[in-house]
Amino acid sequence: MEKKIMLGNEAIARGAWEAGVKVSSAYPGTPSTEMSENLVKYEGVYAEWAPNEKVAAEVAMGASIAGVRAMCAMKCVGLNVASDPLYTASYIGANGGLVYLVADDPGLYSSQNEQDTRRIAISAHVPVLEPSDSEEARVFTRKAFEISEAYDTPVILRTTTRIAHSQGVVNLEDRAEVEDKPYERNPGKNVMVPANAMVRHKFVIERDRKLAEDGAGEKFSDINKVSYGDTKVEGKTVGFITSGIPYQYVKEVFPGASVLKLGMVTPLPKKLIEEFASKVDTLYIIEELEPVIEEQVRAWGIHCHGKDIFPLDGEYSANMLREKILGQQLELADPAKVPVRPPILCPGCPHRATYSVLKKLKIHASGDIGCYTLGVAAPLSVVDTTLCMGGSISMLHGMEKGKGKDWVKNWVAVIGDSTFMHTGVNSLMNMVYNQATGTVIILDNSTTGMTGHQDHPATGKMLNGETTLAIDLVKICEGMGIKNVKVVDAFDLKKLEETIKEEVARDELSVIISQSPCALLKSYKAKGRCVVDTEKCRKCGLCLNPGCPAIKKDKETGYSVIDETMCNGCGLCQQLCPFGAIQLEEGR
């Protein structure tokens, strides 16, 4: 059998292909993005970027009903967007296997909250599989499709950042020859009006019972695994119930301990857990984030330790187990004492140019989810709020309706082009419908920059690289009836300032599209390099105000200095210099 080292996300893509999946739809979101980027490379699979996770889930559901194996992928907060179809998909079930890949983010590496997907799955009555390494990511993906079809249910494959972005050895197998399931018209199953939903809810309840019962037996013995040992702590035999990446920490610290490793973390196999607990003196539940397993185990009257000694937030580690269970005071090497480097916008980022104008005009920004959220930090300090995808526009609308149109004349909503296509369109529609007068700035950098430069409906390219129709942002806004839609080069500071002043002063809704491509796009061509003429430099520091990492003040001379290895000649600093001390050298 061929072996290959793969990221968890790569392994999931491989497992989906091996399982015979035919349709995949996703919205990019770290840490789930690479799965789709790898899956699209396999023959026999149609993989796409959808405008948002709700649409992706609906596309996968349609393919499943038609009779083929399908999946959708998203990060944890994306499941909030997709939860509307998920809850009802649970009632309808699956014809062709239906799998949701959902990547949680303990430690908040790239998310606005630290939610636990298992909570949503329990509420939606959807089983969850959770791998603990790359090989299991592949195997569990295949298993998820089998469970989906065997139990007539969607299945969530839950990963975390540590699984998605860690590498491991993966065994490569051939693609399964899976015949399409025949489609049969069945309104009682597929049309969820109340009368039909009442019947299907009873089916879902029975399905939960059956899954929990089978989870304790041979059918799931390949993923719910028990190993008994003789490790003792303070003279008592200890046992661990765990899943996912925390399993690796348990095995590192307690290699000889009794362990119940759960591959299916909901619904839980009661009989298996009761049997395991009866054979150890002290039981520990090791799970990151919410006490999902622990609460159920305690509800069954089984004494255990969990969140009484472990935190509810952040990632766990082997060292944490040593400290919390063994009481070891670890002598860890002091980290290198280096200055803290906060996240910043890249050199040449068009968002910095827009924010520099907003700061000059002392305008507040209702912010959204994307690279441009970094406008909250000094020295720009423009973004005042960030809630969720598309929330900037709706929140600006709420501010106006609560405080009056004069109050928002020194406010704008800022939103990226990809986020605007995701859920910003609906928010803008609401402003039109309810007669708002605020100003929305679409920061159009021609990509989904935050997650690694994926395409979206307004870029003109699909996930597989094919050219397609690019949705026109101007026409969308004009089609809603917005009369004042202006497109401005983000680096034309004079024009941008004039436009922002004009639009925020209006007593009617306006949209400004601040447009310039992301400097990290492969298609981007640098204009050259900016250089400082020290004979003209007056050391005023105006060029430093936007916080571009390519420019700094020389501590000895006081002159501004531009790092030519970082500068791409965007010209922002050049325009800010009132003495003409910065020049663009093209072609460098």
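For the structure, check the block above.
Cut-offs applied
Residues numbered from 1 in each chain as written. Predicted model: local features only at pLDDT ≥ 70, side-chain atom pairs only at ≥ 80, totals over all residues. Heavy atoms only, no water. Helix = DSSP H or I, 4+ residues; strand = E, 2+ residues; numbered from the N terminus. Rg over C-alpha atoms; globule rule 2.2 N^0.38 Å. Buried < 20%, exposed > 50% of the residue type's maximum accessible area, 1.4 Å probe, protein only. Contact = heavy atoms within 4.5 Å. Areas by Shrake-Rupley, 256 points an atom, 1.4 Å probe, with all protein chains shown as cover. Lys, Arg positive; Asp, Glu negative; His and termini not counted. Charge placed at Lys NZ, Arg CZ, Asp CG, Glu CD. Axes fitted to C-alpha atoms, helices over the stretch in contact; angles between N-to-C directions. Parallel < 35°, antiparallel > 145°, perpendicular 65-115°, else oblique. Left-handed = near helix turned anticlockwise from the far one by under 90°. Nonpolar A, V, L, I, M, F, W, Y, C, P; charged D, E, K, R; others polar. Pairing = 2+ DSSP bridges.

**Student:** I'd like to hear about the overall build of the protein, residue by residue, with values.
**Tutor:** Looking only at helices and strands, the protein features 19 helices and 24 strands. In terms of overall dimensions, the protein is globule-like: its C-alpha atoms have a radius of gyration of 27 Å, near the 25 Å expected for 588 residues. The buried share of the protein, reckoned over its 588 residues, is 54%. Look at the contacts in the protein between residues 6 or more apart in sequence, and 74% of them connect residues 24 or more apart. Accessible surface for the protein amounts to roughly 25,900 Å². Of this, 52% is attributable to carbon and sulfur atoms. Side chains of the protein give 66 positive and 76 negative charges; the mean places of these two sets differ by 3 Å.

**Student:** Talk me through the packing of helix H3 (residues 53–66) against helix H4 (residues 76–92); I want residue IDs and the actual numbers.
**Tutor:** Two elements in contact, H3 and H4, have axes separated by 7 Å at closest approach and are oriented at 25°. Taken together, H3 and H4 sit at an angle that is classed as roughly parallel. Like other packed secondary-structure pairs, H3 and H4 cross with a definite hand, here right-handed. Contacts between H3 and H4 pair Glu53, Lys54, Ala57, Glu58, Met61 and Ile65 from the former with Gly78, Val81, Ala82, Asp84, Pro85, Ala89 and Ile92 from the latter. Grouping the amino acids of the contact of H3 with H4 by side-chain chemistry returns eight nonpolar, one polar and four charged.

**Student:** Can you tell me about the packing of helix H1 (residues 8–18) against helix H6 (residues 134–151), naming the residues and giving the values?
**Tutor:** At a minimum axis separation of 7 Å, H1 and H6 run at an interaxial angle of 35°. Both H1 and H6 take part in a crossing whose hand is right-handed. Where H1 abuts H6, its residues Gly8, Ala11, Ile12, Arg14, Gly15, Ala16 and Glu18 lie against Ser134, Ala137, Arg138, Thr141, Arg142 and Phe145.

**Student:** Requested: an account of the sheet that holds strand E20 (residues 510–515), with residues and values cited.
**Tutor:** Within a sheet, each strand pairs with its neighbour through backbone hydrogen bonds, oriented either parallel or antiparallel. Strands sit in the order E16-E15-E17-E18-E20-E19 across an open sheet of six strands; the sheet is parallel. Whereas interior strands pair on both sides, the edge strands pair on one side only; in this sheet they are strand E16 (383–386) and strand E19 (484–489). Neighbour-to-neighbour, the strand axes of this sheet turn through a mean angle of 25°, independent of strand direction. Of the strands in this sheet, E16, strand E17 (411–416), strand E18 (439–444) and E20 touch helix H14 (residues 350–360), which is tilted by about 155° from E18. Packed on one face of the sheet, helix H18 (residues 493–504) meets E17, E18, E19 and E20 and runs near 160° to E19.

Remember that the coordinates give geometry; whether it matters functionally is a separate question.
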